[in-house]
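Chains, contacts and geometry: an overview
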Amino acid sequence: MLLLTGLVVASVVLLVIGSAVGSTGLESLKRLQDDPVARQIIMEIRLPRTVGAWLAGALLGLAGAVAQGLFRNPLADPYLLGSASGATLGGALAMVWLGVSPTSANWLERIGVTGVAFVGAAGAVLLTLVLARGAQHTLRLLLAGVIVGVVLGAARDLVELGSPEILQAMQAFTLGTTAFVGWSAVWMMLTSWLLCAGTAWALARALDGLTLGEATAASLGLPLAPMRFGLIAALALATGTAVAHTGLIAFVGLAAPHLVRSMVRVTHPWHVLLSSAMGGVLLLAADVLARWVIAPQELPVGVLTAALGGTYLLWLMHRRTAGAGGAL
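Residues numbered from 1 in each chain as written. Predicted model: local features only at pLDDT ≥ 70, side-chain atom pairs only at ≥ 80, totals over all residues. Heavy atoms only, no water.

This paragraph deals with unusual backbone geometry. Residues apart from glycine generally show negative phi values, whereas peptide bonds are mostly found in trans. The backbone phi angle of Arg72 is positive, close to 50°, even though this residue is not glycine. Residue position: Arg72 is located in the loop between α3 (36-71) and α4 (83-97). A relative accessible area of 38% means that Arg72 is categorised as partly exposed. Residues other than glycine seldom take positive phi values, yet Phe251 does so here, at roughly 70°. As for its placement among the helices and strands, Phe251 is situated in the loop between α11 (224-246) and α12 (252-263). (Helix = DSSP H or I, 4+ residues; strand = E, 2+ residues; numbered from the N terminus. Buried < 20%, exposed > 50% of the residue type's maximum accessible area, 1.4 Å probe, protein only.)

This is the structure we're talking about:
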């Protein structure tokens, strides 16, 4: 498939560029063979960050495609089930209880933050499922997710008000950054991506059936309840893993499936995988741009994806509105 080939080529090119972009410019890459410090910068800082950015984007792109297919809504994003609010609440509690931050250099402390953030994301999704009384009714599930997200967001604000010393550390988490992704995070995200991609590929027939409506999908003999639950599990795992390691990254999970749909028409198994690859390309490209645009300093990648993603969706809305007006 032409699009898949293009995404693979773009990923490889961006991985090379990402390994070359940083506060020291191209000097570290030029001295890679002879300078151990330059080798350490490339192999222990830039390369895991670059690979981690692609994996986080791939997880969000996959989760976005599943969410939009599951809720039959092109505006659905990976954070609808409250996982983002749960992850940020977990991160805030970890910083208060453990006295650590996402900017900590100690990898054990970093795992403490990301681990509690992931537990918070998983707990939020479970709470959503409990309030919605299972995964059978998508509208009830959507409303429960919105409620859980608002309540857990308010709880996080209360934690921050009670412990103002964590505000600066939480800012890095909520703005979204890949700056602190190491090889341990890369392996965790890779494992999660393989599990989620395999699950979504196997169960995506339910998404194809749901495009025809609940009754039609049930008449096709699809076990919708367990398949929907499996897809929600993949959605929650992908979103929770990405948010726990990179914070809140806006619009990648929403824009990636849109871009894929604008280029090709495929069934949901392929749509999910292509959206995942597109998400990886989008976030990695944004991360490279965030490192380069005001080098040697850098922008929070979550802010950049929000600005670019919002601009794209506004343009898309304007184009469709103009097309509808012309048709009339």
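Here we come to the packing of aromatic side chains. Tallied over the full model, the rule gives 2 aromatic pairs. Centroid distance Trp201 to Trp270: 5.3 Å. Interplanar angle 90°. Geometry classified as edge-to-face. One end of the pair, Trp201, is in helix α8 (residues 183-203); the other, Trp270, is in helix α13 (residues 268-292), with 69 residues separating them in the sequence. Here Trp270 falls in the partly exposed class, since its relative accessible area comes to 35%. (Phe/Tyr/Trp six-rings, centres within 6.5 Å; stacked < 30°, edge-to-face > 60°.)

Below, the discussion takes up the environment of Leu14. For Leu14, the location among the structural elements is in helix α1 (residues 2-20). A sequence separation of 37 residues divides Leu14 from Val51, and the C-alpha atoms of the two residues are 9.7 Å apart. In this structure Leu14 touches Thr50, Val281, Leu284, Ala285 and Val288, once residues within four positions along its chain are discounted. (Contact = heavy atoms within 4.5 Å.)

The subject of this paragraph is the packing of α4 against helix α6 (residues 138-162). Where α4 contacts α6, the two axes come as close as 8 Å, and the packing angle between them is 20°. In terms of their interaxial angle, α4 and α6 are classed as roughly parallel. α4 and α6 meet at a crossing whose hand is left-handed. Listed contacts from α6 to Ser85, Gly86, Thr88, Leu89, Ala92, Leu93 and Val96 of α4 are Gly149, Leu152, Gly153, Ala155, Arg156 and Val159. Of the residues in the contact of α4 with α6, the class split is 7 nonpolar, 5 polar and 1 charged. (Axes fitted to C-alpha atoms, helices over the stretch in contact; angles between N-to-C directions. Parallel < 35°, antiparallel > 145°, perpendicular 65-115°, else oblique. Left-handed = near helix turned anticlockwise from the far one by under 90°. Nonpolar A, V, L, I, M, F, W, Y, C, P; charged D, E, K, R; others polar.)

Spatial relationships are all this shows, so hold off on functional conclusions.
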